[in-house]
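# Close look at the chain arrangement
Here is what each chain is made of, one letter per residue.
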Amino acid sequence: YEVLPATSGRWVAMINTPVAGGRYQIDIIGKNKLSLKNILTGEVWLCSGQSNEEVFLSWHLDINR
């Protein structure tokens, strides 16, 4: 990972993420220790539309692969 000071004065940590899945734990250790638990990684799909729009994801998938 890489830790850089941002121009705003805040610190930014760039962390290489593991493969999709989880329940991972991230420990941030400095003067104190902060543990982030039950971290999940992967893609998130958000679909929205109007009530008169109806499209099923299966219409666009090749299920016979």
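Quick note: structure is the one above.
Figured I'd write up the structure that's included with this text.

The rules behind each value
- Residues numbered from 1 in each chain as written.
- Predicted model: local features only at pLDDT ≥ 70, side-chain atom pairs only at ≥ 80, totals over all residues.
- Heavy atoms only, no water.
- Helix = DSSP H or I, 4+ residues; strand = E, 2+ residues; numbered from the N terminus.
- Buried < 20%, exposed > 50% of the residue type's maximum accessible area, 1.4 Å probe, protein only.
- Contact = heavy atoms within 4.5 Å.

What follows concerns the overall build of the chain. A count of helical and extended segments in the chain gives zero helices and four strands. The secondary structure elements of the chain, listed N-terminal to C-terminal, are β-β-β-β. Buried positions account for 0% of the 65 residues belonging to the chain. Within the chain, contacts between residues at least 6 apart in sequence are counted, and of these 0% link residues at least 24 apart.

Further remarks concern unusual backbone geometry. Non-glycine residue asparagine 38 carries a positive phi angle of around 60 degrees. Mapped onto the fold, asparagine 38 is located in strand β4 (residues 33–41).

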